[in-house]
Amino acid sequence: MFGRSGKGKGGSPAAVPGIVKPTRQRITAQDSISSKQVANGADALQAAPGTPPASGSSTPSTSRAERLARVLEAETVDIGELRKIGWSGIPHEHRALAWRLLLGYLPANRERRAATLERKRREYRDAVARYFDVNDDMRSDEEMHMKRQIAVDVPRTCPDVPLFHQSAMQQALERVLYVWSIRHPASGYVQGINDLITPFMFVFLDERVTGDVLAIDTSTLSADFISDVEADTFWCTTALLQGIQDNYTFAQPGIQRNVFKLKEIVHRIDGMAVCVFLCARYWLVVQRAR
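Notes on the structure follow. Computed from a predicted model, the values in this text were never measured in an experiment.

What counts and how
- Residues numbered from 1 in each chain as written.
- Predicted model: local features only at pLDDT ≥ 70, side-chain atom pairs only at ≥ 80, totals over all residues.
- Heavy atoms only, no water.
- Helix = DSSP H or I, 4+ residues; strand = E, 2+ residues; numbered from the N terminus.
- Buried < 20%, exposed > 50% of the residue type's maximum accessible area, 1.4 Å probe, protein only.
- Areas by Shrake-Rupley, 256 points an atom, 1.4 Å probe, with all protein chains shown as cover.
- Salt bridge = Lys/Arg side-chain N within 4 Å of Asp/Glu carboxyl O.
- Phe/Tyr/Trp six-rings, centres within 6.5 Å; stacked < 30°, edge-to-face > 60°.
- Expected span 1.5 Å × (residues − 1).
- Polar contact = N/O pair within 3.5 Å; in protein donor to acceptor, adjacent residues only side chain to side chain.
- Core = buried A, V, L, I, M, F, W, Y, C linked by side-chain atoms within 4.5 Å.
- Contact = heavy atoms within 4.5 Å.
- Axes fitted to C-alpha atoms, helices over the stretch in contact; angles between N-to-C directions.
- Parallel < 35°, antiparallel > 145°, perpendicular 65-115°, else oblique.
- Left-handed = near helix turned anticlockwise from the far one by under 90°.
- Nonpolar A, V, L, I, M, F, W, Y, C, P; charged D, E, K, R; others polar.

1. Quick notes on the overall build of the protein
Broken down by element type, the protein carries 11 helices and zero strands. Moving toward the C terminus, one meets the helices and strands of the protein in the order α-α-α-α-α-α-α-α-α-α-α. Burial analysis of the protein (290 residues in total) assigns 49% to the buried set. Accessible area for the protein stands at about 14200 Å²; split by element, carbon and sulfur atoms hold 53% of it.

Here it is as structure tokens:
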């Protein structure tokens, strides 16, 4: 996800329609990101429910890239076709637009996108002013606890990626996490959500900067630039979490359901459901929560 490739190179929850699993083509042995973070980014953007193209229907990557470009250039994007083509991953140069479309953040109709972006980014800025940019004495004890926890977790996010340890990036992460948590009181902030937003923030930065995004000095970016990246990250994270928020609420009912579904499937196969139940619970908690 956080490869060091420059511009121009080709590039989980399953409950969010249209998310495609990003390829790991850009990751090299020299990258400073840990394998755990790579797995987190891939899991967070797992392919959506649906049937993948049959193995016999695959086409050369160049042909697939051309089909994807044609779909994205249409006046009204065929989301079903976009989802089908992007099943095996979306090339780097098309990823930001495709993710916005597949998540429903942008409309399929090209003429409506600019107005939608302006409106949603304005809504995010208003939310930051209303919830984040206030004096601490105006926050409840619960909100202060949440703000402190976010402040503790942000420096731990992507520990091997210097980009996310620059001051401007850490402040942006704090704002996105805090505003999302305030607007979703059923779960509030839960450790692990910070790992879900970094792929979005990276991709939306990469879309707009020249050269290696991992090497940029974010202190040179304008406040409006960072605000736009934050807003896109916020709304895409909101769409991603919409279908899996119960993985983060009290007692984690979403995870519990997945564990019991897996237990039932394995029991039908070999009767070792008890052993698998114990292992799967831990695996799912790790996958969803961190």
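So that's the structure; there's more coming.
2. Let's talk about unusual backbone geometry
The backbone phi angle of C158 is positive, close to 45°, even though this residue is not glycine. Turning to its location among the elements, C158 is positioned in the loop between helix 6 (141-153) and helix 7 (167-183). What makes C158 buried here is its relative accessible area of 0%.

3. Some thoughts on the pattern of salt bridges
Applying the stated criterion across every chain, the model contains 14 salt bridges. D232 is paired through a salt bridge with R121; the nearest N and O atoms lie 2.8 Å apart. Of this pair, D232 sits in helix 9 (residues 223-242) while R121 sits in helix 5 (residues 110-132); the two residues are 111 residues apart in sequence, bridging distant segments of the chain. Judged by relative accessible area, which is 1%, D232 ranks as buried. The partner of R175 in a salt bridge is E230, with the nearest N and O atoms 2.6 Å apart. Taken together, the positions of R175 in helix 7 and E230 in helix 9 put the pair 55 residues apart, joining distant regions of the chain. Each member of the pair R175 and E230 is classed as buried. The network of salt bridges with common partners includes R100, R121, R125, E207, R208, D228 and D232.

4. Brief notes about the packing of aromatic side chains
A complete count under the given rule lists five aromatic pairs for this structure. Ring geometry for F132 against Y178: centres 5.8 Å apart, planes inclined by 70°, an arrangement best described as edge-to-face. Of the two residues, F132 is situated in helix 5 and Y178 in helix 7; the sequence distance between them amounts to 46 residues. Across the pair, exposure class does not vary: F132 and Y178 are buried alike. Between F200 and F204, the aromatic rings sit 6.3 Å apart at their centres with planes inclined by 15°, giving stacked as the arrangement.

5. Details of helix 5
Across its 23 residues, helix 5 extends 33 Å between first and last C-alpha, which sits within 8% of the 33 Å expected from 1.5 Å per residue. Every buried residue of helix 5 is listed here: R113, T116, L117, K120, R121, Y124, A127, V128 and F132. For helix 5, the capping residue at the N-terminal end is N109, with a side-chain oxygen 2.9 Å from the backbone nitrogen of E111.

6. Observations concerning helix 4 (residues 95-102)
Helix 4 sits mainly inside the fold: seven of its eight residues count as buried. Of all the residues in helix 4, the buried ones are R95, A96, A98, W99, R100, L101 and L102.

7. Some points on the nonpolar core
L82, L163, F164, M201 and L205 are the most contacted members of the largest nonpolar core, which has 63 residues in total. Broken down by secondary-structure element, the contributors of at least two residues to this core are helix 2 (61-73), helix 3 (79-85), helix 4, helix 5, helix 6, helix 7, helix 8 (193-206) and helix 9. Excluding residues that lie within four positions of it along the chain, L205 makes contacts with L163, M169, V213, L221, F225 and V229.

8. Some details on the packing of helix 7 against helix 8
Between helix 7 and helix 8, whose axes approach to 11 Å, the crossing angle comes to 125°. Taken together, the axis directions place helix 7 and helix 8 in an arrangement best described as oblique. Note on packing geometry: the crossing formed by helix 7 with helix 8 is right-handed. Between helix 7, through M169, A172, L173, V176, L177 and W180, and helix 8, the contact on the second element is made entirely by I193, N194, I197, T198, M201 and L205. Looking at the contact of helix 7 with helix 8 residue by residue, the class counts come to 10 nonpolar, two polar and no charged.

9. Quick notes on the side chain of T116
Summarising the element assignment, T116 is placed in helix 5. T116 sits in the buried class, given a relative accessible area of 9%. T116 has contacts with Y105, L106 and P107, leaving out every residue within four places of it along the chain.

10. Thoughts on the environment of L106
One can find L106 in the loop between helix 4 and helix 5. With 129 residues separating them in the primary sequence, L106 and W235 have C-alpha atoms 10.0 Å apart. Residues within four places of L106 in sequence aside, it is in contact with L97, R100, L101, R113, T116 and L117.

These figures capture arrangement, not role.
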